Amino acid sequence: MDQQRNEIKQSTNSNSLVDVLETVLDKGVVIAGDIKINLADVELITIKIRLLIASVDKAKEIGMDWWETDPHYSSKATDLKQENDYLRGQLEELEERVKKISSETES
Amino acid sequence: MQTKTDQLIYLYALIPTAEFNNAEPSEEPGIDPDEKLSYHEIGPVTAVICPVSSSEFSEDELKKNAENMEWLQEKAFHHHETMNRLNRDFTVIPLKFGTIYETTESLEQALHTKHERLKELFTSLAGKEEWNVKVYADRDTFHQTVLETSPAIEEKNREIENMSKGKQFFERRKLDQFVSEQADREINEKCEALHDRLTGMSSDQEIKKNWDRKVTGRTESMCFNSAYLLDTENAGTLIDAVEAANKAPENAGLTFELTGPWPAYHFSSLE
């Protein structure tokens with residue numbers, strides 16, 4: 001029976017989005033909290049979350065997660081970082097100059 | 001406990017203080033991952049709470065965040081997992097996702113007004129657990145099952161065989177329609193029969209709404225959805241009954257899915 005229980009518990013964890021959302025969002029006690037969340041209907045939320053999960057899974061399945069590993073895109077990411085650092089540097093320099101100029105005009 | 005003005009209180013569950021006093025408090029992450037769960041004792045009731053920031057959980061922010069499905073999914077599952085863990089150790093009255101108080105004083109006030117009902121609930125939930133059953137029908141397969149096993153269909157078939165060729169053609173088309181209706185009737189009967197058996201083992205039950213295929217994401221359609229509250233020691237009998245329903249040859253095409261044990265979400269109404 002313990003083994004049976006474990007199997008059932010597993011199914012609770014993995015494939016019962018509907019179970020979880022219909023209980024957590026729909027059921028449970030409402031003690032008038034000071035702030036109460038007025039959720040859109042559970043049906044719609046479940047559909048949306050299912051689509052969200054499916055799109056992540058689907059992306060992995062059909063290899064749409066290439067950007068995580070593709071060296072071209074990773075190197076592009078490095079390029080972007082370099083560009084970003086350069087621009088930030090430029091920005092700081094400009095800010096310094098503006099400060100200088102404005103303090104000069106004040107005095 | 002002092003609360004700062006930018007701090008709110010997220011309430012997960014209520015547990016009997018008598019049970020909590022015998023237990024070791026745990027170091028579990030809260031719904032705000034930087035905070036821990038804490039236990040706030042209010043006489044015989046202990047509230048399981050987590051301090052949260054108003055920048056994430058104020059009425060306006062919460063409304064916005066609840067539109068963000070990634071946020072909502074993460075937080076709702078945290079609520080669910082936390083509740084499951086609490087339910088393993090304590091008699092739990094589970095609160096709905098997103099129950100938030102501004103101060104501990106207003107939480108205490110709210111609990112005081114519900115004091116009697118909370119006491120009743122702790123008594124009716126002690127030593128019990130909730131199990132949920134969902135039945136799904138693969139109608140094509142189940143039609144086949146009905147064709148092969150239903151005495152009503154068998155009789156119709158015999159009648160048709162004795163008819164003239166021309167009449168047989170029309171009668172067979174009518175029979176298809178009859179099989180489909182008979183299948184729906186039998187699905188209902190089988191679900192009701194199992195429900196009656198499970199109700200017999202339970203102290204309370206609830207029949208819930210059947211969800212659309214868009215919601216379940218399955219190809220079969222949901223044809224029964226129910227919840228049961230029963231003594232922990234009866235859970236084995238319930239599991240066996242559902243298992244038997246799944247194995248029965250006359251149920252081919254129907255899937256009986258059991259999940260649990262759940263916190264008693266369906267049996268904790270405060271009204």
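None of these values were measured; they are calculated from a predicted model.

(A) How the structure looks around the domain arrangement of chain B. All names here are of chain B. According to the domain assignment, chain B consists of domain 1 (7-126) and domain 2 (129-267). The C-alpha-based centres of domain 1 and domain 2 are spaced at 37 Å. The interface of domain 1 with domain 2 comprises six residues on the first partner and four residues on the second. When residues in the side of domain 1 that touches domain 2 are grouped by element, the largest group, three residues, is from helix α4 (residues 69-89). Here the residues of the side of domain 1 that touches domain 2 are counted per class, giving four nonpolar, two polar and no charged.

(B) Region of the structure containing the packing of helix α9 (residues 165-201) of chain B against helix α11 (residues 235-247) of chain B. Residue and element names in this part refer to chain B. α11 packs onto α9 with a crossing angle of 170° between their chain directions and a minimal axis gap of 10 Å. One element, α9, and the other, α11, form an angle in the roughly antiparallel class. The residues of α11 that touch α9, namely those facing L194, R197, L198 and M201, are T237, L238, A241 and A245. Within the contact of α9 with α11, the residues separate by chemical class into six nonpolar, one polar and one charged.

(C) How the structure looks around the sheet that holds strand β9 (residues 254-262) of chain B. Residue and element names in this part refer to chain B. Read across the sheet, four strands follow the order β7-β8-β6-β9 without closing on themselves; strand pairing throughout is antiparallel. At either margin of the open sheet sits one strand with a lone partner, and together these are β7 (204-207) and β9. When strand polarity is set aside, the average angle formed by the axes of neighbouring strands in this sheet is 15°. In this sheet, β9 lies alongside strand β6 (residues 128-137) in antiparallel orientation, the contact comprising seven bridges. Counted as the bridge partner of A137 is L254 from β9. Sitting on the sheet, α9 is in contact with β6, β7, β8 (221-231) and β9, with an inclination near 10° to β8. Running over the sheet, α11 touches β6, β8 and β9 and is turned about 165° from β9.

(D) Main features of the pairing of strand β3 (residues 45-53) of chain B. Residue and element names in this part refer to chain B. Counting buried positions along β3 yields eight of nine residues, so the element is predominantly enclosed. Where strand β1 (residues 7-16) and β3 come together, nine bridges link them in antiparallel fashion. Looking across to β3, one finds that P16 is bridged to V45. One ladder, built from five bridges, connects strand β2 (residues 38-42) with β3; its direction is antiparallel. Among the inter-strand pairings, E41 is bridged to a residue of β3, identified as T46.

(E) Representation of the environment of B:M83 in the model. Positionally, B:M83 belongs in helix α4. Expressed as a C-alpha distance, the spacing of B:M83 and B:L14, which sit 69 residues apart in the sequence, is 10 Å.

About the cut-offs
Residues numbered from 1 in each chain as written. Chains lettered and ligands numbered in written order. Predicted model: local features only at pLDDT ≥ 70, side-chain atom pairs only at ≥ 80, totals over all residues. Domains from an automatic or database assignment. Contact = placed C-beta atoms within 7 Å. Helix = DSSP H or I, 4+ residues; strand = E, 2+ residues; numbered from the N terminus. Nonpolar A, V, L, I, M, F, W, Y, C, P; charged D, E, K, R; others polar. Axes fitted to C-alpha atoms, helices over the stretch in contact; angles between N-to-C directions. Parallel < 35°, antiparallel > 145°, perpendicular 65-115°, else oblique. Pairing = 2+ DSSP bridges. Buried ≥ 20, exposed ≤ 12 C-beta atoms within 10 Å, placed from the backbone.

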